[in-house]
Amino acid sequence: MISDITIGQYYKGDSFVHKMDPRIKILITVIFIVMIFMCKNFLSLLLAGIFLVASIFASRVPFRMFFKSLKPIVPIVIFTAVINIFYIGGGKELLSLGFVSITSKGVFTAVFMAVRIVLLIMSSSILTYTTVPTMLTDAIERLLSPLKIFHIQVHTLAMMMTLALRFIPTLIEEIERIMNAQKARGADFENGSLTDRAKALVPVLIPLFVSAFRRAYELAFAMNCRCYTGGAGRTRMKQMKLHISDFAALFVFAAGFVGIILINKFFGVVI
Amino acid sequence: MSISILETKNLTHIYSKGTTSQVDAIRDVNLKIEKGELVGIIGHTGSGKSTLIQHFNGLLKGTSGTVLLDGKDIWEDKSKIRNVRFRVGICFQYPEYQLFEETVYKDIAFGPSNMKLSKDEIDRRVRNVIKFVGLDESYFEKSPFDLSGGEKRRVAIAGVMAMEPDVLILDEPCAGLDPKGRDTVLSLISQYRKSTGSTVLVVSHSMEDISKIATRVLVMNESKLAYYDTVDAVFSHSEELKSMGLNIPALTSLFLRLKEKGYNVNTNIYTLEKARDELLTLLKGGKSE
């Protein structure tokens, strides 16, 4: 069902990872993603995997939550793996059937790609599971604040992101409500051809857009009433402070990063 | 005995069963609704009234128990559930947010055209139903988005009435309307019932509204059916109703307080006429113990 969507889902807890500074968490996630794509052999991939599993344990978020976040991307993983097996040439030829040939390099690339995507999703899930969306956008705002010298309105962008995230559950609820109302009038979303089903969505989408615009106006009005004037001169109720533990975590991942470079250098390259 | 139009047997619905957020929305509801009645469903927020009505047209399926429409289980043939929705029409809370067509006419015709009726029949129904909601044919070519709040609400209700359901269910039809709009909607509902003879269920948390039009009252409290009886009988439990967090009509609470003060009066009073008669007998009989 629609309510199974897990975007920006927060898993309540008070582990070390939950308490970490969100800015550092974003930085570490970025470092980790670069790490995944720097891996050139299985040993370095294993090291990245160990870092991920250790982080999951530190976050105390149950593993099943991560499998849940992987479910929707399974088709993508399979698709990329299959494409890679058939289209990457080089290395030993393992199998050849007329115009298709499967090579060792193709298989390795397929496995690497699949593992990379899985690690990528899981690592970003750690970030969203352990950080409240508002903290996340706050942190992005702080991290992007140097862009202000190019006259980019970082605060406005961050505020837009916060609001967008905030309204995802509200709009999902709204969709369910409208769908129920139209079903009660005999609308049929489950049967019929593809075009029939696309047409059946019109009675849902129009009221949804109307109400989204209405909400936007109301929200803008409410923000005006509370004297919101944008980012200039705005202070924060919750100040972000860096602790020694934040630096320690950052250091550990930086060490891992160097480790992967070294492993690539000394243990040969597979892909 | 004739078969009730709508009946539930041990109907139970549990949300998110087996997880930590498990909630019993309704528990063990047994009720029979007879043809032609106007049943008021009351209960405070979260008592399960909205969940209950969604079972009547198969939008929700009970975790256990059955819903019978004319003595037949509505889930007997899953592929025919749409026919149940045509026979049991639900108009949800704030129905004006379901309007989507370019014109009022087309929007009201949405339900009937889903029923695959002939063009003439659809036209007859749309023209018929617009009168029920106190509007006229000059509205047909207007955009539903240009109407006032009260008019939108009435067009949306007309959209459900146009399916000519055997049972019409309205969820909080008066929510957010001013007192005048509320009285208009209430009298439209009871007029509709009188002229079509159909069964009507009205969900509300205002006992005052319900007492004006209902023949029977169904009270939900903490996911359970608390009372289901005639208006008089239910209002004789006014103290219990009060403890369920329900707002009893101002007149009833006046008589409750008279009783507290030691006057010998009935407390199931909710209309002006009854209140007058009760006060007159009290005054004639002098001060009693």
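Cut-offs used in this document
Residues numbered from 1 in each chain as written. Chains lettered and ligands numbered in written order. Predicted model: local features only at pLDDT ≥ 70, side-chain atom pairs only at ≥ 80, totals over all residues. Heavy atoms only, no water. Helix = DSSP H or I, 4+ residues; strand = E, 2+ residues; numbered from the N terminus. Rg over C-alpha atoms; globule rule 2.2 N^0.38 Å. Buried < 20%, exposed > 50% of the residue type's maximum accessible area, 1.4 Å probe, protein only. Areas by Shrake-Rupley, 256 points an atom, 1.4 Å probe, with all protein chains shown as cover. Lys, Arg positive; Asp, Glu negative; His and termini not counted. Charge placed at Lys NZ, Arg CZ, Asp CG, Glu CD. Pairing = 2+ DSSP bridges. Axes fitted to C-alpha atoms, helices over the stretch in contact; angles between N-to-C directions. Domains from an automatic or database assignment. Contact = heavy atoms within 4.5 Å. Buried area = accessible area lost by both parts, 1.4 Å probe. Salt bridge = Lys/Arg side-chain N within 4 Å of Asp/Glu carboxyl O. Polar contact = N/O pair within 3.5 Å; in protein donor to acceptor, adjacent residues only side chain to side chain. Nonpolar A, V, L, I, M, F, W, Y, C, P; charged D, E, K, R; others polar.

**Side note on the overall build of chain B**
When helices and strands are tallied, chain B shows 11 helices and 10 strands. In terms of C-alpha radius of gyration, chain B reaches 21 Å, essentially the compact-globule figure of 19 Å for 289 residues. Structurally, chain B occupies a C-alpha span of about 70 × 50 × 40 Å along its principal axes. Per-residue burial over chain B gives 52% buried out of 289 residues. Summing over all exposed atoms, chain B offers an accessible surface of approximately 13800 Å²; the carbon and sulfur share of this is 49%. Where the 39 positive side-chain charges of chain B centre and where its 39 negative ones centre are 1 Å apart.

**What to know about the sheet that holds strand β3 (residues 38-42) of chain B**
Residues and elements named next belong to chain B. Across the sheet, six strands lie side by side as β6-β7-β8-β3-β9-β10; this open sheet has mixed pairing. With partners counted over all chains shown, the strands left at the sheet margins are β6 (88-91) and β10 (224-230), one partner each. Taken pair by pair, the neighbouring strands of this sheet meet at an average axis angle of 15°, ignoring direction. In terms of strand pairing, β6 meets strand β7 (residues 167-171) through four bridges, oriented parallel.

**Focus on the domain arrangement of chain B**
Residues and elements named next belong to chain B. Each assigned domain of chain B is listed here: domain 1 (6-245) and domain 2 (249-289). Relative placement of domain 1 and domain 2: their C-alpha centres are 34 Å apart. At the junction of the two partners, domain 1 supplies 10 residues and domain 2 supplies eight residues. Approximately 830 Å² of surface area, both sides summed, lies buried where domain 1 meets domain 2, with 61% of it carried by carbon and sulfur atoms. Counting every contact that joins domain 1 to domain 2 gives one salt bridge. Taking the shortest distance from any N to any O, the salt bridge between Asp 232 and Lys 274 comes out at 2.7 Å. Here domain 1 is connected to domain 2 by two residue pairs in polar contact (both at pLDDT 80 or more). When contributions to the side of domain 1 that touches domain 2 are tallied by element, the ones reaching two or more residues are α7 (207-213), α8 (231-235) and α9 (238-243). Per-class residue counts for the side of domain 1 that touches domain 2 are three nonpolar, three polar and four charged.

**So, the interface of chain A and chain B**
By a frequent convention, interface size equals the accessible area lost on bringing the separate parts together. Listed as interface residues are 15 residues of chain A and, on the opposing side, 20 residues of chain B. Summed over both partners, the interface of chain A with chain B comes to about 1600 Å²; 60% of that surface belongs to carbon and sulfur atoms. Inspection of the region where chain A meets chain B yields two salt bridges. A salt bridge links Arg 185 of chain A to Asp 107 of chain B; the shortest N-O distance between them is 3.1 Å. Our enumeration of links across chain A and chain B arrives at four residue pairs in polar contact (both at pLDDT 80 or more). Put simply, the parts of the chain that give the side of chain A that touches chain B at least two residues each are α8 (154-184) and α10 (202-225) of chain A. Here the element with the most residues in the side of chain A that touches chain B is α8 of chain A; it accounts for six residues. Of the residues that constitute the side of chain A that touches chain B, the class distribution is eight nonpolar, three polar and four charged.

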